[in-house]
Amino acid sequence: MKESIQDSIQSTINELYQKYLPCLEGYTANYIPELAHADPHEFAIAIAMVDGSVFHIGSELKNFTLQSVSKPFVYGLALEAFGRPYMLSKVGVEPTGDAFNSIIELEKQSHRPYNPMINSGAIAVSSMIKGKNTAERLDPILKLFENYVGHSVNIDDNVFQSEKKTAHRNRAIANLLKHFQIIDGDIEESLDLYFKQCSLLVNTLDLSFLAATLANGGIQPKTKKKVLNPESARDMLSLMFSCGMYDSAGEWAYSVGLPAKSGVSGGLIAVVPGKMGIAVYSPLIDERGHSVRGVKVLKELAHRYDLSVFSNSH
Ligand code: GLN
């Protein structure tokens, strides 16, 4: 039997929080040295409904960096600026079945990255945001996230520097993209922009509003501000559904059935279109880069409330 969400959601997330708090499976991301220092005991769940109400438990105000959760949102920014045909000429919309940081994810003929949720696609998308220098290029990205979360946002410079210093793999990807003329201009500048969007500081409540704005067709549920067009929100959700969880996108679609996006710092969002945005933060990740507790909580919530977009019960 499907439970009524609003009535029981707070007690459900309290219960799931207690259940998974002792779970210390996984590891903190260590290929970005600064992320390895995260406290494995941090854990938060937040749910923002499209009417603006929020339910949360744990360290929901603890800041962490956005990492790959930024990818669909910057894609949305570029999509609104350049339109579908241009976006499709540079980045595809096909899932890969491979890891997020694969260096071979370029299509045979076009050399486009397969999709904007993997690093190659996201670096290509960031490179489209132009300006005189990195600061000018970062500005629309900061404004975008401020609109989504409803307050000003900052970059974690330590995480930015840490990733910049160790990003040999992403640098290889960017060089390949430049070789195939998918990106133009200065490679380091585009990488800096990408690392900065990944180093944006947010908390779990912020994540829930990122997700809830998409659930609400682009209107931020609390500020009521229009952040993006409903068509763009829809396109982002399609990409999150097919590609957001990388090489476990199929398993995720089967077990959770919601558009979602994970980041290696431990953030995870899922969107129930027309209803709510769900966010979990826990820095212990699995081998695919998804928060271990996040995946467990989402699977259980989806099952308990029959949240799959393919369910006929809502
Ligand atoms: N900044 C990270 C990287 O490029 C983001 C990866 C992720 O969160 N999956 O490797």
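Fair warning: this is a prediction, and the values are worked out from it, not measured in the lab.

Definitions and limits used
Residues numbered from 1 in each chain as written. Predicted model: local features only at pLDDT ≥ 70, side-chain atom pairs only at ≥ 80, totals over all residues. Heavy atoms only, no water. 1 Å grid on protein atoms, 1.4 Å probe; cavity = no way out; pocket = protein on both sides within 12 Å on 5 of 7 lines; lining within 4 Å. Points joined across faces, edges and corners; volume = space filled by probe spheres on them. Nonpolar A, V, L, I, M, F, W, Y, C, P; charged D, E, K, R; others polar. Helix = DSSP H or I, 4+ residues; strand = E, 2+ residues; numbered from the N terminus. Buried < 20%, exposed > 50% of the residue type's maximum accessible area, 1.4 Å probe, protein only. Contact = heavy atoms within 4.5 Å. Axes fitted to C-alpha atoms, helices over the stretch in contact; angles between N-to-C directions. Left-handed = near helix turned anticlockwise from the far one by under 90°. Near = heavy atom within 4 Å. Polar contact = N/O pair within 3.5 Å; in protein donor to acceptor, adjacent residues only side chain to side chain. Areas by Shrake-Rupley, 256 points an atom, 1.4 Å probe, with all protein chains shown as cover. Sits in = over half its atoms within 2 Å of the grid points. Pairing = 2+ DSSP bridges. Salt bridge = Lys/Arg side-chain N within 4 Å of Asp/Glu carboxyl O.

A.B. asks: Is there a simple way to explain empty space enclosed by the protein in this structure?
C.D. replies: Empty space among the atoms becomes apparent when a probe as large as a water molecule is rolled across them. Summed over the entire model, instances satisfying the criterion amount to one cavity of 30 Å³ or more. Taken together, Tyr31, Gln67, Ser68, Phe100, Asn119, Glu163, Asn170, Tyr194, Cys198, Tyr246 and Val264 make up the lining of the largest cavity. In terms of residue class, the lining of the largest cavity is built from six nonpolar, four polar and one charged.

A.B. asks: What am I meant to see in the environment of Ile129 here?
C.D. replies: When you line up the elements, Ile129 lands in the loop between α4 (119-128) and α5 (134-149). The buried category is assigned to Ile129, whose relative accessible area is 7%. The spatial distance from the C-alpha of Ile129 to the C-alpha of Glu42 is 34 Å, given a sequence separation of 87 residues. Apart from the residues within four sequence positions on either side, Ile129 is in contact with Val74, Leu77, Ala78, Arg137, Pro140, Ile141 and Leu193.

A.B. asks: Would you explain the packing of α5 against helix α8 (residues 187-198) in this entry?
C.D. replies: How two helices pack is summed up by the angle between their axes together with the distance between the axes. Running from amino to carboxyl end, α5 crosses α8 at an angle of 35°, the nearest separation of the two axes being 10 Å. The chirality of how α5 crosses α8 is right-handed. Contacts between α5 and α8 involve Thr134, Arg137, Leu138 and Ile141 from the former and Glu189, Ser190, Asp192, Leu193, Lys196 and Gln197 from the latter. Of the residues belonging to the contact of α5 with α8, the class tally is three nonpolar, three polar and four charged.

A.B. asks: Looking at this structure, I do not really get the environment of Leu142. What am I missing?
C.D. replies: Within the secondary structure, Leu142 sits in helix α5. Distance from Leu142 to Thr65, taken between C-alpha atoms, is 13 Å for residues 77 residues apart in sequence. Apart from residues lying up to four places away in sequence, Leu142 is in contact with Val153, Ile155 and Leu200.

A.B. asks: Just checking my understanding: could you explain the site of the ligand for this structure?
C.D. replies: Near the ligand you find Tyr31, Gln67, Ser68, Phe100, Asn119, Glu163, Asn170, Tyr194, Cys198, Tyr246, Gly263 and Val264, and these make up its full shell. With respect to the ligand, the side chain of Gln67 contributes an N or O atom lying 2.7 Å from a nitrogen atom. The side chain of Asn170 places a nitrogen or oxygen atom 2.9 Å from an oxygen atom of the ligand. Considering the ligand on its own, with 290 Å² of exposed area, one finds that the protein chains cover 100% of that surface. Judged by the fraction of its atoms near the pocket grid, the ligand is located in the largest cavity. Of the residues that constitute the shell around the ligand, the class distribution is six nonpolar, five polar and one charged.

A.B. asks: In this structure, what is going on with the pairing of strand β7 (residues 276-281)? I would like to understand it.
C.D. replies: Successive residues of a regular strand alternate their side chains across the two faces of the sheet. Buried residues dominate β7, accounting for six of its six residues. Of the pairings in the sheet, the one linking strand β1 (residues 44-49) to β7 comprises six bridges and is antiparallel in character. Along β7, the bridge assignment pairs Met49 with Met276. Where strand β6 (residues 267-272) folds back on β7, the antiparallel hairpin that results is connected by three residues, among which Gly274 adopts a positive phi of roughly 80°.

A.B. asks: Just to check I follow, could you spell out the pattern of salt bridges for this structure?
C.D. replies: Opposite charge on two side chains makes pairing possible when the charged atoms of those side chains draw close. Summed over all chains, the structure comprises 16 salt bridges. Notably, a salt bridge pairs Lys164 with Glu188, separated by 3.7 Å at the nearest N-O pair. Of this pair, Lys164 sits in helix α6 (residues 157-166) while Glu188 sits in helix α8, and the two are 24 residues apart along the sequence. Through salt bridges with shared partners, a single network forms among Glu15, Lys19, Glu300 and Arg304.

A.B. asks: Looking at this structure, how should I read the sheet that holds β1?
C.D. replies: The pairing of strands in a sheet happens through backbone hydrogen bonds and is either parallel or antiparallel. Reading across the sheet, the five strands line up as β2-β1-β7-β6-β5 and stay open at both edges, with antiparallel pairing between neighbours. The two strands at the open ends of the sheet, each matched to only one other strand, are β2 (54-58) and β5 (260-262). Each neighbouring strand pair of the sheet contributes to a mean axis angle of 10°, computed without reference to strand direction. Here β1 runs beside β2; their pairing, made up of five bridges, is antiparallel. Across the sheet, residue Ile45 finds its bridge partner in β2, namely Ile57. Each of β1, β2, β6 and β7 touches helix α9 (residues 204-215); the most contacted strand, β7, lies at about 150° to it. Contacts from helix α12 (residues 292-305) reach β1, β6 and β7, with the element oriented near 145° to β7.

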